[in-house]
Amino acid sequence: MSRALARTRAECGGSRRAVILVVSVLATLLGSAACMPAANVASLRPVDRACPVPVSGVRSEQPAWYHPQGEGDAAHLERWCSTVGAPVLVANPTPGSFDGDVTDPGAGTTDDLIVATWNPNAGAGDLLRFVEAELGHSCGTGRGPPFVLMLQEALRRSHDIPRPTASAVVPPAVAEAARGSERLDVVEVAEQCGLSILYAAAARNGADERDGLPEEKGNAIISSLPISDPIVVELPFEGARRVTTIGTVRLPAGWSVRVASVHFLSSARPWRVLTTGNASRLREATGLLEALESIEGEHGALPTIAAGDLNTWSRRETALFRLRDYFVDSPAPLAEPTRGSFPTDHILFREQSGHAASLAPGSYRRIDEAYNSDHHPVVAVVSDDSQR
């Protein structure tokens, strides 16, 4: 054998060994990621964190906070949290904003609750028009059927949003679709329509002020019913800060439902993909379920709805299966895509023994108009079985 041929074979052998080594390392990382537990999400207050921030001006309930307890998560979350303002809580709607008196369980005749979820693309989505056209709520008279709407990427504009520090993380502003009318934030819409609201920011919406006001984006629950037991959950950090807002609404007929507005990460950074086996949304889902199980133990068990932009690329995604294992009474995932060609938005439901609330058959659907957002809303109806 010539020396050149021998050297070529040796080099090829070395290249093959290098490839095998790289593949082995990747397989080890992916294998360990498959067994990676979620961060322990609990209500213990983290040390040296800017969050939670008390809701100013609220003398009754302050939101309970649930956080990942790992130090790594806390350090990342703090750099995002320090750029946003306090949550907003208006626990009671303006009188007359629903049909029936929730202080009197015998008042009113409506035994159904309209449940909707939507990502309005920050300030692009026409939230006022959506509330009136799809939820039947008149913002002029403050009346309509009972509803609860879970929002993700909801816009907040306020001088109460702090200036970012040098070490803070400020993501770019959401790339909104252009709209012909005024951009209103979620708190303004709730106020104009006489609705209750629980809002918590996840991140700043760009570094610059817009029309003289700093902006942030987050999750919200708005409703024609009072919101009690307000809770904010920080999910495990997977490349961006994500919060879940949770509250309880009580129907005029006297029954209650716990609702959660959820927003998962769309895509993780390459290193995070390698070290988690692309399990970022699965880790977020597991962290959310840890929080919900703790909430049931600390606040009591109720029928529960989790709804929002889960950023799922498929109806068969592992994170969605994990959630549906818990929300066992969920309808089948919608066949229609809700953002582009992907089924990203979902409503999940879990009944509770001793409570008659359940999803009305055939009520779960996608709303075909996107109301100027890049997401289609989805809607369902929760009914009191005892009245059927």
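This report concerns the structure included in the present document. (Residues numbered from 1 in each chain as written. Predicted model: local features only at pLDDT ≥ 70, side-chain atom pairs only at ≥ 80, totals over all residues. Heavy atoms only, no water.)

Another aspect to go through is unusual backbone geometry. For the bond running from C51 to P52, omega is 10 degrees, close enough to zero to count as cis. Topologically, P52 is positioned in the loop between β1 (41-42) and β2 (64-68). Even without being a glycine, A122 presents a positive backbone phi close to 60 degrees. Its location among the elements puts A122 in the loop between β4 (112-118) and α3 (127-135). Residue classification places A122 among the buried residues on the basis of a relative accessible area of 6%. (Helix = DSSP H or I, 4+ residues; strand = E, 2+ residues; numbered from the N terminus. Buried < 20%, exposed > 50% of the residue type's maximum accessible area, 1.4 Å probe, protein only.)

If you trace the seven strands from one edge of the open sheet to the other, you get β1-β2-β8-β9-β10-β11-β12, paired in mixed fashion. Looking at which strands have only one partner, the edges of the open sheet turn out to be β1 and β12 (345-350). The pairing of β1 with β2 spans two bridges and is classified as antiparallel. What sits directly across from A42, in β2, is H67. Its contacts with the sheet put helix α6 (residues 280-299) on β1, β2, β8 (227-234), β9 (243-250), β10 (256-263), β11 (304-309) and β12, and the angle it makes with β2 is roughly 145 degrees. (Pairing = 2+ DSSP bridges. Contact = heavy atoms within 4.5 Å. Axes fitted to C-alpha atoms, helices over the stretch in contact; angles between N-to-C directions.)

Turning next to the pairing of strand β7 (residues 215-223). Among the nine residues of β7, nine are classified as buried, and the element is accordingly described as predominantly covered. For strand β5 (residues 147-157) and β7, the ladder comprises eight bridges, and the chain directions are antiparallel. Bridging from a neighbouring strand, L149 pairs with I222 of β7. Two elements, strand β6 (residues 196-204) and β7, share eight bridges in a ladder whose sense is antiparallel. Across the sheet, Y199 pairs through a bridge with A220, a residue of β7.

Turning to the side chain of E216, a few remarks are in order. Within the secondary structure layout, E216 lies in strand β7. Buried and unpaired, E216 has R156 as its nearest opposite-charge partner, separated by 4.8 Å. Among the polar contacts listed, one links the side chain of E216 to the side chain of Y199, at a separation of 3.1 Å. If near-sequence neighbours (up to four positions away) are discounted, E216 is found in contact with V84, G85, A154, L155, R156, I161, Y199, A201, A203, R204 and N205. (Lys, Arg positive; Asp, Glu negative; His and termini not counted. Salt bridge = Lys/Arg side-chain N within 4 Å of Asp/Glu carboxyl O. Polar contact = N/O pair within 3.5 Å; in protein donor to acceptor, adjacent residues only side chain to side chain.)

With that settled, the discussion passes to the state of the cysteines. A covalent bond bridging the sulfur atoms of two cysteines is what the word disulfide describes. One pass over the structure, following the stated rule, counts two disulfides. Between the sulfur of C51 and that of C81 lies a disulfide, 1.5 Å long from S to S. Handedness of the C51-C81 disulfide follows from its S-S torsion of about 85 degrees: it is right-handed. Within this pair, whereas C51 is found in the loop between β1 and β2, its partner C81 is found in helix α2 (residues 71-81), the two being separated by 30 residues in sequence. Using a relative accessible area of 3% as the deciding quantity, one classes C51 as buried. Across the disulfide from C139 sits C193; the S-S distance is 1.9 Å. Handedness of the C139-C193 disulfide follows from its S-S torsion of about 80 degrees: it is right-handed. Taken together, the positions of C139 in the loop between α3 and β5 and C193 in helix α4 (residues 186-193) put the pair 54 residues apart, joining distant regions of the chain. A relative accessible area of 1% means that C193 is categorised as buried. (Disulfide = S-S within 2.5 Å.)

Ranked by size, the top nonpolar core spans 29 residues in total, and within it L127, F130, V131, L149, L151, V186 and I222 carry the most contacts. Elements with a contribution of two residues or more to this core: β4, α3, β5, α4, β6 and β7. It is α4 that contributes the most residues to this core, five residues altogether. Ranked by size, the runner-up nonpolar core spans 27 residues in total, among them L89, L113, V115 and I347. (Core = buried A, V, L, I, M, F, W, Y, C linked by side-chain atoms within 4.5 Å.)

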